[in-house]
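# Overview (structure and organization)
In case you want the letters, here they are:
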Amino acid sequence: MPEQKSPPGGKPNGNDGDLRVIGHARRRVDARAKVTGQTRFADDISLPRMAHCKLLRSPHPHARIRSIDISRALAHPGVYLVLTGKDLPIEYGILPVSQDEQALCLDHVRHVGDPVAAVIAREELTAFEALDLIQVDYEILTTISDPEEALATPTPRIHDYGDEGNIHKRVALEFGNVDQGFAEADEIFEDTFFYQGNTHLPIEQHASVATKDPDGKLTIWTSTQTPHYLHRALAKVLQMPPAHIRVIATPNGGGFGGKSDPFNHEIVVAKAALVLDRPVKICLTREEVFYCHRGRHPVLMKFKTGVKKDGSITAMHLQTLIDGGAYGSYGVASTFYTGALQTTTYHVPRYRFQGCRTFTNKPPCGPKRGHGTVQPRFGQEVQLDKIAEKLQIDPADLRLRIAESSNAVTANFFRLSTVNLSECIRRVVKSSDWREKFRKLPEGHGVGLACSAYLTGAGLPIYWNKMPHSGVQLKFDRGGGVTLFCGATEIGQGSDDVLASIVAEVLGLDTFDIRLYTGDTDLGPVDLGSYSSRVTIMAGNAALQAAERAKALIAEAVAERLSVPVERVRFAEKRVFDSAAPGNGVTFTEAVCLAEARFGTIGTVGSYTPPKSPALYKGGGVGPSPTYSYTAAVVEVVVNPVTGWITVPKIWIAHDIGRALNPTLVRGQVEGSVYMGLGEALMEEQEFRRLPKKLSHALVHKFPSILEYKSPTSLDMPDVFTELVEEPDPKGPFGAKEVGQGPLLPIMPAVANAVYDAIGVRIDEVPITPEKIMKALAEKKAGRAPRFGPSHFPHVEWPEALRVPPPWEGGDGNAINDVPRRDKAKPEQPHKSRTPEKDQVLSS
Amino acid sequence: MMRLPLFAFRAPRTLDEAARILHGEGPDAMPLAGGTDLLPNMKRRQQVPHTLLSLRQIDALRAMRFAELGARLGACLTLSDIASDSRFRNGATALAQAAAQVATPHIRNMATLGGNLCLDTRCNYYDQSYEWRKAINFCMKKDGVTCWVAPSSPKCMAVSSTDTAPALMALGARVRLVSQSGEREISLTDLYNNDGMNYLHRKPDEILAEVLLDSLHDWCSTYWKLRRRGSFDFPVLSVAAAARFGKSGAIEVARIVIGSAASRPLVAEEAAKFLVGRSLTAETIAEAAALAARIAKPLDNTDFDMSWRKKVTAEFVTYALRELRGDDVSAERAAITRMPSI
């Protein structure tokens, strides 16, 4: 296999007008299976002799396990096996720095719903009934329910690692002389915001089936976004060679980040299948999905921003206090993400960020669509609306003045590629008729505008390694068949269609001509997973490289047959021909046979590694990306002044996509983001019930059900007017950037800004509910600040900041008060006493 | 996934046979109509009946008869049957509006009128799985001793969440209850009891067989429902109002019922009395709305903040009375229900 050179992206196959597949609205390759109900999700898998698993979960938010007696459950008719923590004692976790989970809690439960034991039985009902026969003796520990309580309660510790007490992680970064920046400001704005936690709510509940293969190896089918990381976790906990484990990521019925961690139930059924030598299945209830969680972190934020009279930002200081829940999950990355992308939309010349994540006795938070950047984006965009009002500048114009430009390097050393934020703003201003509406609509009616940026793939993998982030293999058979193998996981976002479309475009085929094997660790090369909006750019570029290599072989063989120079060979409409005389050619099938006769069996590979980031400082691993997407949105609201009732009739949104590989899917992702954003803006809450402390230590999820956890339905959707801004980005395959996450981000702040335009009150937290609007209106009536939101940010002992001079202050990407990390790209010494994994600051 | 517990299943073909079985099985048996509420509750072990007595095979319970003097509605008519029938317009509009706003189309195709009238009271300390309820050491309504909504309360505070009951109470409906020993007819208002556990004055061996309505000629009525989403939520406040106007435009008789603000639908008697003999001016409506809202006592066991639910009650009564007066309130209704008007 040839060495990979620079990323192969951005080289369109011929000029734009020649594209036959890319850029055309097409039926996705998996549409037929999905609409006819033939897609096999994990729960659709049923195997002979299959047993069923149920998990006994902790009823206590925080307790020690003194003892577990499983004898009565084991004796229950129909029960095959009962597992406890002793059977799976090895700790695991998605990040190398927080290996803090056990498949079944050994001696410490940390939230209601933490699994303690597993019953595997002939019937699911039997397994459920036997759960009640397990006797667990608990010693109750103090309940820690929120970050302020965690800061004030260093013991008992929820984990025996982390920065201090119940503080998981504290970070502090400073880019340039921030105090000087504030001194140069004409106005300084200080605002506190709160972003409530919420969950992914995929329609498909997590399910897994594991079986011991006839040769003794393990196979697991599971609803996961990250089969490769699960593969590693299974090998670690089960202490099996990875080569003896096969993970098959079944098509996911939605993921949104909620299926990106290795989960306890996956490890449990794998273990049970090995012990019993029969297939074992688990399908979580909706309530259990709420306990897996890994959703949006609740974040309290304080923004201090200095601006000149013309609106340009002189400095920004952001503090975040993050409710992490009971485990690490992606939390260290999430913490950095709350401070990462503030610099990527508008020019921020000096920037200080301090973030603190605490442990609490609630289901663990993690990555949800927009991972860690959604909360501070809300604060930043609402604060900009306040700044614009004070400076008497239209909020759209303010943003146009300060928008970042293409190819900039930010204060925190993120290298931007194409930036079409301004064009996005201009588009929504026009389509929404902004100039005629803003501050001009009748009382109760309002419009709000907000913007965002998001990464197109995380620049670093979860664990330190120098290998590619994605690989694709192509196999060609004599019938003209093209088969694609890749670890990428179809979670509904359309990744299979992306891969098929790229290969089809290069080879002049139709997407339905390509056979795909994806998300299977036995069959395809590694792709790191469907997270961080990375699949289109990374697996897409790998597919592009593999297809181009195959094309070169086939073209050479056909050129020889046609006796024409190889440069003149074209691939289109399932033919390979002389571009100067299109009649002179062969079918694609004949072309493959010619190539096989010439070169032997035809198979090619491609792979992709993101470019190196100039952010060399510790913590600089979170946020770099090959390129960033940009979005602007205008939301219109109607607010009833008597009840506070909010309706959203219309939303206009423009997204900088680079190039839409399949515009139908891109629009679907934009509309899906709008839907999810509206849920977060108006109603979704991962809320907990603390019973009166005198009577109970209980801390329970208030409504772990799809009925009472309120999320909008299709009937609740407003009209959405989507525009795509297309300037092909040199980093993306055919110029494509991400769309899976970015369009979510502007919705929540745009709603808040629209509410202010409608009725003159600021709701500085989400969800924005009628109750909060009424409270803010009451404040307004009483002559106080017309606002609802948090009033203070608690004291946190921040560590000394790593000081990184920005590029315009002569910085080289390193912190001046830390050891230089210039050689980060060089392989670290794996045999040193410290493990390189522990030092790696991780991204997702 | 969640599994149903095991149970015996009986499916009689006549009401007599059903009454006999229910009597014989005792309180461990429960009638099963559409099952849209009972079966999910059973999966959560909120109810664990030994026997389910299906009413689906009994044709008499699906009859709908209209006569000059009124209507008789079989208890097993589905909510879709009611919502789509044009005879429930004008005088009985409130019933059609209420039925049309229950849950989703799929559920309305299964759920019945009788089932909705007998709907178990709801509470977000109670409508939870067995494991969840274990984590709060259960509650008074099932397996526990404390009402967590109001820990010092001697009675359960679960909330009446039926949509059709407030509407039918406003329409002056009666119900026919049949048991092995005989049958009785009571006003629907008297069926309910303000106790979250014993919320029905139905004996365990009685089957709610029919709903009876007097002629609603000359009446007009309306139903307003508060819920988070227009697509499928239970009510967390509702207002049903019905009135007969005299020739002068003054009200001759009125009934206002507030739903989902206590363990039973509440009759706003003072407000109704106040309206008699008056025309619906803005001042009259405001006074009546204030009187009606006074009786609503929402607690912290449903969606939305309880003080806000209390605060908006008068506004909902105002919407209802304005609609009875003939105002075009379709914009308000569309904003709240996110549905086309009936």
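What you are looking at is a predicted structure, and each value in this text was computed from that prediction instead of being measured. Throughout, a residue's number is its position along its own chain's written sequence, starting from 1. Chains and ligands are labelled sequentially in the order written, the chains with letters from A and the ligands with numbers from 1. Local features are withheld for residues below a pLDDT of 70 in this predicted model, meaning they are given only at 70 or higher, and side-chain atom pairs are given and counted only at 80 or more; totals for whole chains, interfaces and linings count all residues.

Okay, the overall build of chain B next. Secondary structure counts use DSSP, requiring at least four H or I residues in a row for a helix and at least two E residues in a row for a strand, with both numbered from the N terminus. The number of helices and strands found in chain B is 13 helices and twelve strands. What you see for chain B is a C-alpha radius of gyration of 20 Å, in line with the 20 Å of a compact globule of 342 residues. Its C-alpha atoms give chain B principal-axis dimensions of roughly 60 × 45 × 35 Å. Our exposure labels follow a C-beta count within 10 Å of each residue's own C-beta, placed from the backbone: buried means 20 or more other C-beta atoms, exposed means 12 or fewer, and partly exposed covers the counts in between. When the 342 residues of chain B are sorted by exposure, 51% land in the buried category. Considering only residue pairs separated by 6 or more positions, chain B has 66% of its internal contacts joining residues 24 or more positions apart. In this treatment the radius of gyration is a C-alpha quantity, and the globule benchmark scales as 2.2 Å times the residue count to the 0.38 power. Contact criterion: two residues are in contact if their C-beta atoms, reconstructed from the backbone, are within 7 Å.

Next up on the list: the domain arrangement of chain B. All names here are of chain B. Considered domain by domain, chain B is made up of domain 1 (9–58) and domain 2 (59–118 + 159–337). If you average the C-alpha positions of domain 1 and of domain 2, the two centres end up 26 Å apart. Each side of the interface is counted separately: domain 1 has 16 residues, and domain 2 has 18 residues. Counting residues per element, the side of domain 1 that touches domain 2 draws most heavily on helix α1 (residues 15–25), at six residues. In this classification, the charged set is Asp, Glu, Lys and Arg, the nonpolar set is Ala, Val, Leu, Ile, Met, Phe, Trp, Tyr, Cys and Pro, and all remaining amino acids, among them Gly, are polar. Partitioned by chemical class, the residues of the side of domain 1 that touches domain 2 number nine nonpolar, four polar and three charged. Each domain span listed reflects an automatic or database assignment of domains.

A word on the sheet that holds strand β10 (residues 218–222) of chain A. Sheet strands pair by backbone hydrogen bonding; their relative direction is either parallel or antiparallel. Residue and element names in this part refer to chain A. At least two DSSP bridges between two strands are needed for those strands to be called paired. Taken together, the seven strands give an open sheet; going across it, the order is β3-β5-β1-β12-β9-β10-β11, and neighbouring strands pair in mixed fashion. Looking at strand neighbours, the two that pair on one side only are β3 (79–84) and β11 (245–249), the edges of this open sheet. With strand direction ignored, the average angle separating the axes of adjacent strands in the sheet is 20°. Where strand β1 (residues 51–57) meets strand β12 (residues 280–283), two bridges bridge the pair, whose relative direction is parallel. Within the sheet, the bridge partner assigned to A51 lies in β12 and is V280. Every angle, taken between N-to-C directions, lies between 0 and 180 degrees, and every axis is a line fitted to C-alpha atoms, over only the stretch in contact when it is a helix. Where helix α3 (residues 124–131) meets the sheet, it contacts β1, β3 and β5 (115–121), and its direction lies at approximately 25° from that of β1. Against the sheet, helix α7 (residues 264–276) makes contact with β1, β3, β5, β9 (207–212), β10 and β12, and its axis sits at roughly 25° relative to β9, the strand it touches most.

Here helix α19 (residues 770–781) of chain A is twelve residues long and its end C-alpha atoms lie 16 Å apart, about the 16 Å a rise of 1.5 Å per residue gives. Taken residue by residue, α19 of chain A has P770, E771, K772, I773, M774 and A776 of chain A as its buried positions. On its buried face, α19 of chain A is in contact with β24 (628–639), β25 (646–656), α18 (747–759), β29 (762–763) and β31 (787–788) of chain A together with α12 (306–325) of chain B. At the exit of α19 of chain A stands G783 of chain A, carrying a positive phi of roughly 85°. The span you would expect from a helix comes to 1.5 Å times its residue count less one.

On to the domain arrangement of chain A, then. Residues and elements named next belong to chain A. Each domain of chain A was delimited in the assignment, giving domain 1 (16–39 + 470–608), domain 2 (48–141 + 205–251 + 259–292) and domain 3 (170–198 + 295–460 + 618–788). One C-alpha centre belongs to domain 1, the other to domain 2, and the line joining them spans 39 Å. Facing 16 residues of domain 1, the contacting portion of domain 2 comprises twelve residues.

All right, on to the confidence of the model for chain A then. All names here are of chain A. Every residue carries a pLDDT, the predictor's confidence in it, which falls somewhere between 0 and 100. Of the residues in chain A, 95% reach a pLDDT of 70 or more, and the chain-wide mean stands at 95. pLDDT under 50 marks residues 1–15. Its contacts with residues more than four places away, or in other chains, come to 29 contacts. Note that residues 824–844 has pLDDT below 50 and, in this model, 41 contacts with residues that lie over four places away or in other chains.

Turning next to the environment of P115 of chain A. All names here are of chain A. With respect to the secondary-structure elements, P115 resides in strand β5. When the 24 C-beta atoms within 10 Å are taken as the criterion, P115 is described as buried. Dropping the residues within four chain positions of it, P115 is found in contact with L55, L56, R57, L104, C105 and N264.

On the chain B side, the residues contacting the 34 residues of chain A number 28 residues. Within the residue set of the side of chain A that touches chain B, elements represented by two or more residues are α3 and α19 of chain A. Considered class by class, the residues forming the side of chain A that touches chain B number 20 nonpolar, six polar and eight charged.

Here we come to the sheet that holds strand β2 (residues 29–32) of chain B. Residue and element names in this part refer to chain B. Within the open sheet, the three strands sit side by side as β1-β3-β2. Their pairing is parallel. The open sheet has two edge strands with one neighbour each: β1 (8–10) and β2. The mean inter-strand angle of the sheet, taken between neighbouring strand axes irrespective of direction, is 25°. Looking at chain direction, β2 and strand β3 (residues 51–54) are connected through four bridges and run parallel. For L32, the partnering residue across the bridge sits in β3 and is S54. α1 contacts β1, β2 and β3 of the sheet and is inclined by roughly 170° relative to β3.

This paragraph deals with unusual backbone geometry. All names here are of chain A. In this structure, P156 follows T155 across a cis peptide bond, with omega equal to -5°. Looking at the secondary structure, you find P156 in the loop between α4 (147–152) and β7 (167–175). Across the junction of V766 and P767, the peptide omega takes the value -5°, indicating a cis bond. Note that P767 resides in the loop between β30 (765–766) and α19. Not every positive phi belongs to a glycine, and Q392 is a case in point at roughly 55°. Within the secondary structure layout, Q392 lies in the loop between α10 (374–391) and α11 (395–402). Classification of Q392 by C-beta neighbours within 10 Å gives exposed; the count is 7.

Let us now look at the packing of helix α14 (residues 495–507) of chain A against helix α15 (residues 535–562) of chain A. Residue and element names in this part refer to chain A. Across the interface, α14 lies against α15 with an axial gap of 9 Å and an inter-helix angle of 30°. Here α14 is positioned roughly parallel relative to α15, judged by the angle of their axes. Relative to α15, the crossing made by α14 is right-handed. Here S495, V498, L499, I502, V503, V506 and L507 of α14 lie close against α15, whose contacting residues are V535, T536, A539, G540, A543, L544, A547, E548, A550 and K551. Partitioning the contact of α14 with α15 into residue classes produces twelve nonpolar, three polar and two charged. Reported orientations rely on four angle classes, namely roughly parallel under 35 degrees, roughly antiparallel over 145, roughly perpendicular from 65 to 115, and oblique for the rest. By convention the crossing between two helices is left-handed if the near helix lies anticlockwise of the far one by an angle smaller than a right angle, and right-handed if it lies clockwise.

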